[in-house]
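Descriptive structure summary
Residues per chain are reported as follows:
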Amino acid sequence: MIGTAGLAQKFALMWPHLNERTRRMMAATEARQIGRGGVSIVSRACGLSRVTIAKGIRELDRPPLEPGRVRRAGGGRWRLEKADPDLPDALEHLLEPLARGDPESPLRWTSKSTRALAAELTAQKHPLSHEKVAGLLHDMGYSLQSNRKTEEGSDHPDRDAQFRHINEQVRNALARGWPVVSVDTKKKELIGNYVNAGRQWRRAKQPLVVNRYDFPKPSVPRAYPYGIYDLGRNTGFVNVGTDHDTGAFAVASIRGWWRAEGKRLYPKTRRLPITADGGGSNGTSKWNKVEHRLFSFISSNWRGEPLRDYETIVKLIAGTTTAQGLKVTCRLDRRRYATGKTVSDEESATLNLVPHEFHGEWNYSISPRRNSIKAIS
């Protein structure tokens, strides 16, 4: 009979080549061969607990598993999301008011630490570790990033309060069945055989050949995709402009969505809550859903594909889908939009604009002019 030292040497040689189950089975085989006291002897030699070795002995008398399996079907711990199906929604609820998305990234990120989130969830009777929170965030498309500034200037002291205000307004509107849209202009895209960031599957050593330089003349056409994301229906509408990204173009794009889809989907609505950035085209948004619910997936769908003409860009945008059921409608807008137009103080004074109590410079309602009865049509 091999002594404890000999068994320990034997296990040390074999352990690196075995998985969890085969280690358990090997230890069980040795213990059964030793007989009385074998479980204790093998436990000291290999380091496995007596309970684990006893489990292995029972498994020796059962039919073998299918090749490649470590546990029987249904064995092991249940995934936490299966044991607690409300956990992902609870985590999303904590993040929603503070979720911040980058327009060119398919990820979202949050400034709350995983330990803080784990503590809040545990207090809500969803006990879990901060490591599990990190795993869930990764699965949900979030990423914890460093405090790197984008071109937004310094943070306003009421930043988080503004996120919560927007979140409350949106939730109330959706609960009443109103349409809620998130709008913004994606960065302008060069039309032609220019490099497009990202990679795509192709035969080895057969990359697409594009122009060496991407510093085009002003005469090279551009595309200006303006996105309208319907939060309640998870649908996108993109108006691809060919002229200039102006305020008139933005209004025309929203009007185009309303005429093409909105008034059909929401025939009884009299209100249209809109969330929009105020930092100019391609300004990084901290809340605006159009960035990480629409634009990021469009960028992912056409990655590595040169946008050679307007037809290509429209087809690629319209072909964007996600596992969550996103559907996108896209149209080309060849109208001209003059730049340099200004709105006089007299014209501004005729607007029927009512500031909200909380930061009226950011949050306000606009109704038809008092001397006009024309509705959206």
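Below or above, wherever it landed, is the structure these notes cover. Quick caveat: nothing in here was measured; it's all calculated off a predicted structure.

Conventions used here
Residues numbered from 1 in each chain as written. Predicted model: local features only at pLDDT ≥ 70, side-chain atom pairs only at ≥ 80, totals over all residues. Heavy atoms only, no water. Buried < 20%, exposed > 50% of the residue type's maximum accessible area, 1.4 Å probe, protein only. Helix = DSSP H or I, 4+ residues; strand = E, 2+ residues; numbered from the N terminus. Pairing = 2+ DSSP bridges. Axes fitted to C-alpha atoms, helices over the stretch in contact; angles between N-to-C directions. Parallel < 35°, antiparallel > 145°, perpendicular 65-115°, else oblique. Left-handed = near helix turned anticlockwise from the far one by under 90°. Contact = heavy atoms within 4.5 Å. Nonpolar A, V, L, I, M, F, W, Y, C, P; charged D, E, K, R; others polar. Expected span 1.5 Å × (residues − 1). Bend = angle between axes of the 7 residues up to and from the residue. Core = buried A, V, L, I, M, F, W, Y, C linked by side-chain atoms within 4.5 Å.

1. So, the pairing of strand β3 (residues 181–185)
- Of all 5 residues in β3, 5 are buried; the element is thus mostly enclosed.
- Neither face of β3 is open: one carries Val181, Val183 and Thr185, the other Ser182 and Asp184, and all of them are buried.
- In this sheet, strand β5 (residues 222–230) lies alongside β3 in antiparallel orientation, the contact comprising 5 bridges. Of the residues in β5, the one forming a bridge with Ser182 is Tyr229.
- By the bridge criterion, 3 bridges tie β3 to strand β7 (residues 274–276) in an arrangement that is parallel. Within β7, the position partnered with Val183 by the bridge is Ala276.

2. Quick word on the packing of helix α1 (residues 4–14) against helix α2 (residues 20–34)
- Where α1 meets α2, the axes come as close as 12 Å, and the angle between the chain directions of the two elements is 160°. As the angle between them shows, α1 and α2 are arranged roughly antiparallel. Remark: the crossing between α1 and α2 carries right-handed chirality. Packed against α1, whose contacting residues are Leu7, Lys10, Phe11 and Met14, the element α2 presents Met26, Ala27, Glu30 and Ile34 at the interface.
- Per-class residue counts for the contact of α1 with α2 are 6 nonpolar, no polar and 2 charged.

3. Re helix α10 (residues 247–265)
- Here α10 is 19 residues long and its end C-alpha atoms lie 25 Å apart, about the 27 Å a rise of 1.5 Å per residue gives.
- If you look at α10, its biggest bend is around 50°, right at Trp258.
- The set of residues buried in α10 consists of Phe249, Ala250, Ala252, Ser253, Ile254, Gly256, Trp257, Trp258, Glu261 and Gly262.
- Where the residues of α10 are buried, they touch β3, β5, β6 (235–241), β7 and β8 (327–333).

4. With respect to the nonpolar core
- Residues Val238, Val240, Leu294, Ile298, Trp302, Ile313 and Ile317 are the most contacted members of the largest nonpolar core, which totals 24 residues.
- Counting only elements with at least two residues in this core, the list comes to α9 (159–175), β5, β6, α11 (289–301), α12 (310–318) and β8.
- Residue contributions to this core peak at 5 residues, all from α12.
- Aside from chain neighbours lying at most four places away, what touches Val238 is Pro225, Tyr226, Gly227, Leu294, Ile298, Ile317, Val328, Thr329, Cys330 and Arg331.

5. Side note on the environment of Asp84
- Tracing the backbone shows Asp84 in the loop between α5 (80–83) and α6 (87–95).
- The spacing of Asp84 and Lys125 is 41 residues in sequence and 9.9 Å in space, taken between C-alpha atoms.
- Contact partners of Asp84, with chain neighbours within four places excluded, come to Lys125 and His126.

6. A closer look at the packing of α1 against helix α3 (residues 38–46)
- One way to put it is that α1 packs onto α3 with a least axis distance of 8 Å and a crossing angle of 55°. In terms of their interaxial angle, α1 and α3 are classed as oblique. You can see that α1 and α3 cross each other, and the crossing is right-handed. Residues Thr4, Leu7, Ala8 and Phe11 of α1 lie in contact with α3, whose contacting residues are Ile41, Val42, Ala45 and Cys46.
- The class makeup of the residues in the contact of α1 with α3 is 7 nonpolar, 1 polar and no charged.

7. Some words on the side chain of Glu30
- Its location among the elements puts Glu30 in helix α2.
- Under the relative-accessibility criterion, Glu30 is labelled buried at 10%.
- Residues in contact with Glu30, not counting those within four places in the same chain, are Leu7, Lys10, Phe11 and Val42.

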